[in-house]
Amino acid sequence: MTREDFQQRIDSGIKIEPKDAMPEDYRKTLIRQISQHAHSEIVGQLPEGNWITRAPTLKRKAILLAKVQDEAGHGLYLYSAAETLGITREETIEDLLSGKAKYSSIFNYPTLTWADIGAIGWLVDGAAIVNQIPLCRCSYGPYARAMVRICKEETFHTRQGFDIMLTLARGTPEQKAMAQDALNRWWWPSLMMHGPSDAESKHTAQSMAWKIKLFTNDELRQKFVDQTVPQAEYLGLQIPDPDLKWNAERGHYDIGPIHWDEFYNVIRGNGPCNRERLQARIEAHERGAWVREAAAAYATKQRTKAA
Ligand code: BYC
């Protein structure tokens, strides 16, 4: 199949399936994006897992446990979607553990107080949903189908985060201050989650042509800002951006400048928690070796029995 024929299939809305012919760079772009997405879900368990033992009530603890387990599930669906493109699970995980593959910048920030768990659910999962709902319509079948279930679960995650923020914002002055402090620290990193500005994004043009991405980074960032500012107003919290204002002409909020040097520093491995996050994954992988060995031995035994 020529590149033109492939592009025509994409343009006419045909989903690409694992056994279909596809250009090598389409396959590689998908492996990069899907595996980085999977790694983000897996590493994303760490900042929240940090609070499971300290959740303030039994109910909050049960909800947080369920949420963190959901993130593990999302990682697994996405690793499976990546495997349909011809890369093994071992290779993808090796790329994460060696530091070769990226994962979302947002998970390199620390969770200092309980309000951070609220801010992550509200802002981080909120930003993730804005990015991920369009991915349910992306051109690669297994990725699009995995995203449908992920988005349903992410919606519950955002609601639980907003509920924590609402409880704190309506609580004592100390609790409200804690919620405000979490918003102050998580706001700008949440905007950076959407990736570099369109002018700097090297993959957007090709990924949009292939419908691997349906919106640009700046379009999704704007959508996130527009939906989140009224929510902050409802909470009675201040977004930490003195330049934030409604632009009636554009029909969108304008924001102040994003500190891109901070973003690039984090994705180069020098954020506040990069080393700690990777170390935690390496140790978990080593500690889990016996489980993988046992599962492989069991599978071999079943195969021998069946033969
Ligand atoms: N962090 O050309 P660009 C979650 C990299 S999980 C780190 O715009 P692209 C959740 C980018 O990879 C959230 N790196 O790239 C989980 C590229 O580097 P490489 C994860 C970033 O791919 C648990 C370079 O910068 N969501 O929500 O067109 C609990 C140039 O960027 C980031 C997904 O992965 C970043 N923020 O666009 C709670 C969604 N941004 O690969 C929540 C799927 C950019 O050339 N992914 N880079 O070395 C996407 O939609 C796109 O990959 C992105 C980036 C919008 C993220």
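Quantities reported herein were computed from a predicted structural model and do not represent experimental measurements.

Enquirer: Just give me the short version of the side chain of Asp226, but keep the residues and values in it.
Expert: Summarising the element assignment, Asp226 is placed in helix H10 (residues 217-235). Arg250 provides the closest opposite charge to the buried, unpaired Asp226, separated from it by 6.2 Å. Engagement of the side chain of Asp226 in a polar contact is seen with the backbone nitrogen of Tyr253, the distance being 3.0 Å. The residues contacting Asp226, other than those within four sequence positions of it, are Gly251, His252 and Tyr253.

Enquirer: An account of the layout of surface pockets is requested, with residue identities and associated values reported.
Expert: Empty space among the atoms becomes apparent when a probe as large as a water molecule is rolled across them. Taken as a whole, the largest pocket spans an internal volume of roughly 1,100 Å³. As for the largest pocket, its lining consists of 44 residues, and the residues nearest its centre are Gln36, Ser104, Met193, His194 and Gly195. Looking at the lining of the largest pocket, the elements with two or more residues in it are helix H2 (24-43), helix H4 (58-83), helix H6 (114-135), helix H7 (141-169), H10 and helix H11 (260-270). Tallying contributions element by element places H6 first for the lining of the largest pocket, with nine residues. Residues of the lining of the largest pocket, tallied by class, amount to 18 nonpolar, 15 polar and eleven charged. Of the voids in this model, the second largest pocket is the one considered here, and its volume is about 580 Å³. Around the second largest pocket, the lining comprises 19 residues; the ones closest to its centre are Ile42, Ile93, Arg281, His285 and Arg292. Of all the secondary-structure elements, those providing two or more residues to the lining of the second largest pocket are helix H3 (45-49), H4, helix H5 (89-97) and helix H12 (274-287). A per-class count over the lining of the second largest pocket returns ten nonpolar, three polar and six charged.

Enquirer: Mind laying out the packing of helix H8 (residues 173-192) against H10, listing which residues take part and the relevant values?
Expert: In contact at an axis separation of 9 Å, H8 and H10 are set at 145° when each is read in the N-to-C sense. Listed contacts from H10 to Trp187, Ser190, Leu191 and Met192 of H8 are Arg221, Phe224, Val225 and Thr228. Looking at the contact of H8 with H10 residue by residue, the classes come out as five nonpolar, two polar and one charged.

Enquirer: Give a detailed account of the site of the ligand, specifying residues and quantitative values.
Expert: Around the ligand there are 32 residues in total, and Lys102, Ser201, His203, Lys213 and Asn217 lie nearest to it. Take Lys102: an N or O atom from its side chain is 2.5 Å from an oxygen atom of the ligand. Asn217 places a side-chain nitrogen or oxygen 2.8 Å from an oxygen atom of the ligand. Contact with the protein chains removes 92% of the 1,000 Å² of surface that the ligand exposes when unbound. Elements with a contribution of two residues or more to the shell around the ligand: H2, H6 and H11. A class-by-class count of the residues in the shell around the ligand yields eleven nonpolar, 14 polar and seven charged.

Procedures and definitions
- Residues numbered from 1 in each chain as written.
- Predicted model: local features only at pLDDT ≥ 70, side-chain atom pairs only at ≥ 80, totals over all residues.
- Heavy atoms only, no water.
- Helix = DSSP H or I, 4+ residues; strand = E, 2+ residues; numbered from the N terminus.
- Buried < 20%, exposed > 50% of the residue type's maximum accessible area, 1.4 Å probe, protein only.
- Lys, Arg positive; Asp, Glu negative; His and termini not counted.
- Salt bridge = Lys/Arg side-chain N within 4 Å of Asp/Glu carboxyl O.
- Polar contact = N/O pair within 3.5 Å; in protein donor to acceptor, adjacent residues only side chain to side chain.
- Contact = heavy atoms within 4.5 Å.
- 1 Å grid on protein atoms, 1.4 Å probe; cavity = no way out; pocket = protein on both sides within 12 Å on 5 of 7 lines; lining within 4 Å.
- Points joined across faces, edges and corners; volume = space filled by probe spheres on them.
- Nonpolar A, V, L, I, M, F, W, Y, C, P; charged D, E, K, R; others polar.
- Axes fitted to C-alpha atoms, helices over the stretch in contact; angles between N-to-C directions.
- Near = heavy atom within 4 Å.
- Areas by Shrake-Rupley, 256 points an atom, 1.4 Å probe, with all protein chains shown as cover.

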